[in-house]
Amino acid sequence: MPRVLLIEDDAAVRDGVTLALRRRGHEVAAAASGEAGLATLPTFRPDIVLLDLMLPGKDGFQVCRLIRAERQLPIIMLTARGDDLDVVLGLEAGADDYIVKPARGEVLEARIRAVLRRTALPADGAPAVAEPGPAPVETYGELAIDRAGLVVAKAGQDLALAPSEMKLLLFLSATPGQVFSRQQLLEHVWEHSYHGDSRLVDACVMRLRTKIEDIPRSPRYVQTVRGFGYRFGPL
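Cut-offs and rules
- Residues numbered from 1 in each chain as written.
- Predicted model: local features only at pLDDT ≥ 70, side-chain atom pairs only at ≥ 80, totals over all residues.
- Heavy atoms only, no water.
- Pairing = 2+ DSSP bridges.
- Helix = DSSP H or I, 4+ residues; strand = E, 2+ residues; numbered from the N terminus.
- Axes fitted to C-alpha atoms, helices over the stretch in contact; angles between N-to-C directions.
- Parallel < 35°, antiparallel > 145°, perpendicular 65-115°, else oblique.
- Left-handed = near helix turned anticlockwise from the far one by under 90°.
- Contact = heavy atoms within 4.5 Å.
- Polar contact = N/O pair within 3.5 Å; in protein donor to acceptor, adjacent residues only side chain to side chain.
- Expected span 1.5 Å × (residues − 1).
- Phe/Tyr/Trp six-rings, centres within 6.5 Å; stacked < 30°, edge-to-face > 60°.
- Buried < 20%, exposed > 50% of the residue type's maximum accessible area, 1.4 Å probe, protein only.
- Lys NZ or Arg CZ within 6 Å of the ring centre and 35° of its normal.
- Salt bridge = Lys/Arg side-chain N within 4 Å of Asp/Glu carboxyl O.

**Student:** Honestly, the pairing of strand 11 (residues 229-232) in this entry has me stumped. Any pointers?
**Tutor:** Here is the key point about a regular strand: its side chains alternate between the two faces of the sheet. Pairing geometry for strand 10 (residues 222-225) and strand 11, over four bridges, is antiparallel. Residue pairing in the sheet places Thr-224 in a bridge with Tyr-230 of strand 11. Linking strand 10 to strand 11, which pair antiparallel, is a turn of three residues; within it Gly-227 sits at a positive phi near 85 degrees.

Written as C-alpha cells, this is what we have:
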C-alpha cells in the first residue's frame with residue numbers, strides 16, 4: 001500500500017486521517033508542521049503527501065513549493081474551506097489535487113488512488129505493455145517526449161514535471177490537434193469527473209506552460225481553444 005506523509009497541524013484532523021488511512025492498510029507518517037514534514041521526507045520516503053494549507057511557520061503553499069523544487073512527489077492539499085483563492089494558489093504552487101476537510105476515509109482513499117494511478121499509467125490509461133526494442137522518442141519542435149521512460153526534454157534538457165503535468169502532457173500529445181474540454185480532461189487525467197472542477201485543469205496547464213513554452217502567454221504546444229478547451233499544437 002502507498003506510504004502517506006500527512007502534514008497537518010490540527011491534532012484531531014491529524015489523528016482522524018491517520019487512523020482512517022492505517023485502517024485501509026497505509027503506512028502513515030504524521031507531522032504537525034511544515035518544517036517537521038520536510039524533515040521527515042528523506043527518511044520516510046512517502047509515495048504521496050497530504051498537505052494542509054494553513055500551517056504554523058512555513059505554510060502549505062511554501063511547503064508545496066519546497067517539495068516541488070527537489071522532488072516530483074504527488075501532493076494533495078487539504079483545505080478546511082474550499083476557498084477559491086486558497087485552492088487556486090495551492091494548485092499554482094504545484095499541488096496535484098485537493099480535498100476539502102472534513103473528508104471521509106473512503107474519499108481520501110479514492111483520491112489518493114486516483115492521483116497515484118496518474119503517475120503509474122501511460123496517457124491512454126491502459127497498462128503499459130513491454131515491446132521489443134526501445135520505444136521511439138516523439139519530437140515536437142524543441143520538445144522531446146519519451147513515453148516509455150516518462151521523460152520530457154526541451155532543447156536537450158530534461159524537464160522536472162509534476163505527476164499531473166506529465167500525465168496532462170502525455171494525454172494531449174497522444175492526439176495532436178484534437179481539442180478536449182476541461183470536463184474530458186478531468187475524466188481522463190484526474191479521474192474524478194464527479195468533481196467537475198475546471199480549476200485543476202487550468203492551474204495545471206498554466207504550470208505546464210511555464211516549463212515547456214518559450215513564451216507561456218503565447219503557447220506553441222498546449223494551446224487554448226476559446227470556448228472549447230485545450231489541444232496539443234499545431235506548432
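**Student:** Would you mind showing me how to read the packing of helix 2 (residues 34-44) against helix 3 (residues 60-70) here?
**Tutor:** For any two helices packed against each other, one specifies the crossing angle of their axes together with the interaxial distance. Interhelical geometry of helix 2 versus helix 3 gives an angle of 20 degrees and a closest axis separation of 10 Å. The orientation of helix 2 relative to helix 3 falls into the category roughly parallel. Considering the relative orientation of helix 2 and helix 3, their crossing is right-handed. Contact with helix 2, carried on its side by Gly-34, Leu-38 and Leu-41, involves Val-63, Leu-66 and Ile-67 of helix 3 and no other residues of that element.

**Student:** Would you mind going over the side chain of Arg-111 with me for this structure?
**Tutor:** As for its position among the elements, Arg-111 is in helix 5 (residues 105-120). A polar side-chain atom of Arg-111 sits 2.7 Å from the main-chain carbonyl oxygen of Tyr-98.

**Student:** Would you mind showing me how to read helix 1 (residues 11-23) here?
**Tutor:** What sets the pattern is the α-helix's 3.6 residues per turn: residues three or four places apart point alike. The end-to-end C-alpha distance of helix 1 is 18 Å, a good match for the 18 Å that 13 residues give at a rise of 1.5 Å each. The distance from a side-chain oxygen at the start of helix 1 to the backbone nitrogen of Ala-12 is 2.9 Å, and the residue carrying that oxygen is Asp-10. One or two steps after helix 1, the chain reaches Gly-25, where phi turns positive at roughly 95 degrees.

**Student:** Help me understand the packing of aromatic side chains in this model?
**Tutor:** Two descriptors summarise a pair of aromatic rings, namely the distance from one centre to the other and the angle between the planes of the rings. Scanning the entire structure with this criterion turns up three aromatic pairs. Geometrically, the ring pair formed by Tyr-140 and Phe-232 is edge-to-face, given 4.9 Å between the ring centres and 75 degrees between the ring planes. Of the two residues, Tyr-140 sits in strand 6 (residues 138-140) while Phe-232 sits in strand 11, which places them 92 residues apart along the sequence. Just as Tyr-140 is buried, Phe-232 falls in that class too. Summarising the aromatic geometry, the rings of Phe-171 and Phe-180 are spaced 4.8 Å apart at their centres and angled 55 degrees between planes, so their arrangement reads as tilted. Taking the relative accessible area as the measure of exposure, Phe-171 reaches 11% and is therefore buried. One aromatic cluster is present, built from ring pairs that chain together Tyr-140, Tyr-221 and Phe-232. Note that Arg-3 overlies the ring of Phe-44, its terminal NZ or CZ placed 4.3 Å from the centroid.

**Student:** Would you mind going over unusual backbone geometry with me for this structure?
**Tutor:** Trans peptide bonds make up most of the peptide bonds, and negative phi angles are found at most residues other than glycine. Cis geometry is adopted by the peptide bond preceding Pro-102, which originates at Lys-101 and carries an omega value of -5 degrees. On the secondary structure map, Pro-102 appears in the loop between strand 5 (97-100) and helix 5. Here the phi dihedral of Leu-150 falls at roughly 55 degrees; this positive angle occurs in a residue that is not glycine. With respect to the helices and strands, Leu-150 occurs in the loop between strand 7 (143-146) and strand 8 (151-154). Overall, the relative accessible area of 36% leaves Leu-150 in the partly exposed class. Positioned with a positive phi, Ala-155 is a non-glycine residue whose angle comes to about 50 degrees. Along the chain, Ala-155 falls in the loop between strand 8 and strand 9 (157-158).

**Student:** What am I meant to see in the pattern of salt bridges here?
**Tutor:** Note that side chains of opposite charge can pair when their charged atoms are close. Applying the stated criterion across every chain yields a total of 13 salt bridges. Here Arg-111 makes a salt bridge to Asp-97, at a shortest N to O gap of 3.1 Å. Linking Arg-111 in helix 5 with Asp-97 in strand 5, this pair joins segments that are 14 residues apart in sequence. When the shortest N-O distance is used, the salt bridge between Asp-202 and Arg-182 registers 2.8 Å. One end of the pair, Asp-202, is in helix 8 (residues 198-212); the other, Arg-182, is in helix 7 (residues 182-190), with 20 residues separating them in the sequence. Judged by relative accessible area, Asp-202 falls into the partly exposed class, the value being 27%. What makes Arg-182 partly exposed here is its relative accessible area of 27%.

Function cannot be read off these values alone, since they describe shape.
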